[in-house]
Structures are given as structure tokens and as C-alpha cells.
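# Fold and geometry: a report
Read off the chains here:
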Amino acid sequence: MRERRFLVCSLSFDAEASLETTSELFSTFVQAFCPNEGLHVRVTRGTRREVLPARFSQTATVKAAQLARGGSVELSAGSSFALPGDPVFWIASQPEDEVKVRVGLCLERPRRSEAEAAVALAASTLVEAATELEGCAAAVVSVQPEPRSVDEDVLEMQGHAHAVTWRMLVPSARMRALPRPPPPGVTLVRVPGGVLVKRDVESPFADADARFEAWLAHAQIA
């Protein structure tokens, strides 16, 4: 059985995306997880990486002007920015690349069922909002045995070998490769970039469904 330990969400946006809208979406999401004492902030530009003295507060935002300059911003309750441990959120911009902005988060499975339900709702809300935006090119929410970070956040349609998928944006062109109808317990939602595929279980940490993953694999072959 696969170890369902870390929730990983990865989003990517192309040149059609608005930096203002993307940064606002990310900031609003992180504010919901921000403790009273704030989150540690680590920024990277080129080869320079540093932890800032000021923390990200419950009213702070990542500005579009920051994204326009390129680099990444990581936010974490822990100063080490290392998992397992505290949740880590990141937004990375590469203005000259085909993938303009990447947004991600990684957190360990909560111990309490109430907290797990809250995390599931937040992750689902984030992905649903992101995939409605112009320029959202890829989106995946999965559970994996190992943590991910901004340095490892290479979002690919084929996913990760040990990932259990919960939500995935499938481009319209690849939807044609999926057999119809989908297996039971799957909802398809039409969005600007294609179709958001949703597995109808309340928690992303639920047991894997072999039928669903085999069906979804048809769209993961380039």
C-alpha cells in the first residue's frame, strides 16, 4: 500500500495568465494558513537565496511586481523550510519561460480528522479557483510518500510514480484520449484550460482507486 503522507498541490500558469490575479490568489490562500506570529519568508533570485527578517502576516501579499522580476518566494511556519514538519508554500516566476508562474504547497497529513477535512476543502477551493483563471495550464493535487519543494516542483502530466491523484486539470486535447464514461466516483468540470477531473472522495488521503488511476493514465501519455 502506498504511504499517503504528504499533500502536494502544483499549479502552473502560462503567458496568458495575469500576474496580479495569480499573486492575489496565492496570497489569499496562504493567509488562511498564516498563524498570528506570521510565516517565515525565503526569497530566491538567480543564485542568491535569503530568509527575510520580516515575516508574512495575515494581511500580507506577494506583489505582482515581485513576480515580474523573476525568482521565488517560499513561506513556512518553520525557519528551516524543510519537511517533514511545517507546511511550505511557494510561488515561483520565470517571466521569459513558457511556464510563467508556478504555485505549490506541501504539507504533512494532519493528525486530526477535522484538520484533514479543512485542508482538503482549502486545497480543493484553491484548485477550483485557479483552473477558472485564464492561463492556468496545469494543476494537480496528489498525495505522495515524500515531500516536495519549490526546487522539486516540476509539474508534469505523467505525475509521479507513487502519487495518488485527487484533482487534475486535463487539457481539452488530452480529454479525447480518456475512455468514456469515466469510472464511478469521478466528476468532470469544464474549465477554460480543459477539464478539471475530480475524484469524489472527501479527503485526498483516501485509499487509491486503481480503476481511476488506470483511466486517468490515458490522458497522461504525451
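Residues numbered from 1 in each chain as written. Predicted model: local features only at pLDDT ≥ 70, side-chain atom pairs only at ≥ 80, totals over all residues. Heavy atoms only, no water.

## Quick look at the pairing of strand β8 (residues 164-171)
Most of β8 sits inside the fold, with seven of its eight residues counted as buried. Pairing analysis gives four bridges linking strand β7 (residues 136-144) to β8, with the strands arranged antiparallel. Looking at β8, one finds that Val140 is bridged to Met168. Here β8 pairs with strand β10 (residues 194-199) via five bridges, running antiparallel. By the bridge assignment, Leu169 is partnered in β10 with Leu196. (Buried < 20%, exposed > 50% of the residue type's maximum accessible area, 1.4 Å probe, protein only. Helix = DSSP H or I, 4+ residues; strand = E, 2+ residues; numbered from the N terminus. Pairing = 2+ DSSP bridges.)

## Notes on the side chain of Thr44
Structurally, the position occupied by Thr44 is in strand β2 (residues 40-45). A polar contact is formed between the side chain of Thr44 and the side chain of Arg49, at a distance of 2.9 Å. Thr44 has contacts with Arg49, Gly71, Ser72 and Glu74, leaving out every residue within four places of it along the chain. (Polar contact = N/O pair within 3.5 Å; in protein donor to acceptor, adjacent residues only side chain to side chain. Contact = heavy atoms within 4.5 Å.)

## Quick look at the packing of aromatic side chains
Per the stated rule, a full pass over the model turns up four aromatic pairs. In textbook terms, an aromatic cluster arises when at least three aromatic residues are bridged by ring pairs, as seen for Phe29, Phe33 and Phe89. Of note, Arg167 hangs over the ring of Trp166, and the distance from its end group to the ring centre comes to 3.7 Å. (Phe/Tyr/Trp six-rings, centres within 6.5 Å; stacked < 30°, edge-to-face > 60°. Lys NZ or Arg CZ within 6 Å of the ring centre and 35° of its normal.)

## Some remarks on the sheet that holds β8
Taken together, the 10 strands give an open sheet; going across it, the order is β3-β2-β4-β5-β6-β1-β7-β8-β10-β9, and neighbouring strands pair in antiparallel fashion. Each edge of the open sheet carries a strand with a single partner, namely β3 (48-51) and β9 (186-191). Within the sheet, the average angular offset between the axes of one strand and its neighbour, ignoring direction, is 15°. Inspection of the sheet shows β2 paired to β3 by four bridges, in the antiparallel sense. Residue pairing in the sheet places Thr44 in a bridge with Arg49 of β3. In the packing of helix α1 (residues 19-31) onto the sheet, the strands contacted are β1 (6-13), β4 (71-76), β5 (88-93) and β6 (101-108), and the crossing angle to β5 comes to about 170°. (Axes fitted to C-alpha atoms, helices over the stretch in contact; angles between N-to-C directions.)

## Some details on the pairing of β10
Counting buried positions along β10 yields six of six residues, so the element is predominantly enclosed. For β9 and β10, the ladder comprises six bridges, and the chain directions are antiparallel. When the bridges of β10 are listed, Val189 appears paired with Leu196. Linking two consecutive strands that pair antiparallel, namely β9 and β10, is a turn of two residues.

## As for the environment of Phe212
If you trace the backbone, Phe212 turns up in helix α5 (residues 210-216). Considering only alpha carbons, one finds Phe212 and Lys63, 149 residues apart in sequence, at a separation of 38 Å. Excluding residues within four positions of it along the chain, Phe212 makes contact with Thr165, Pro183, Val186, Val197 and Arg199.

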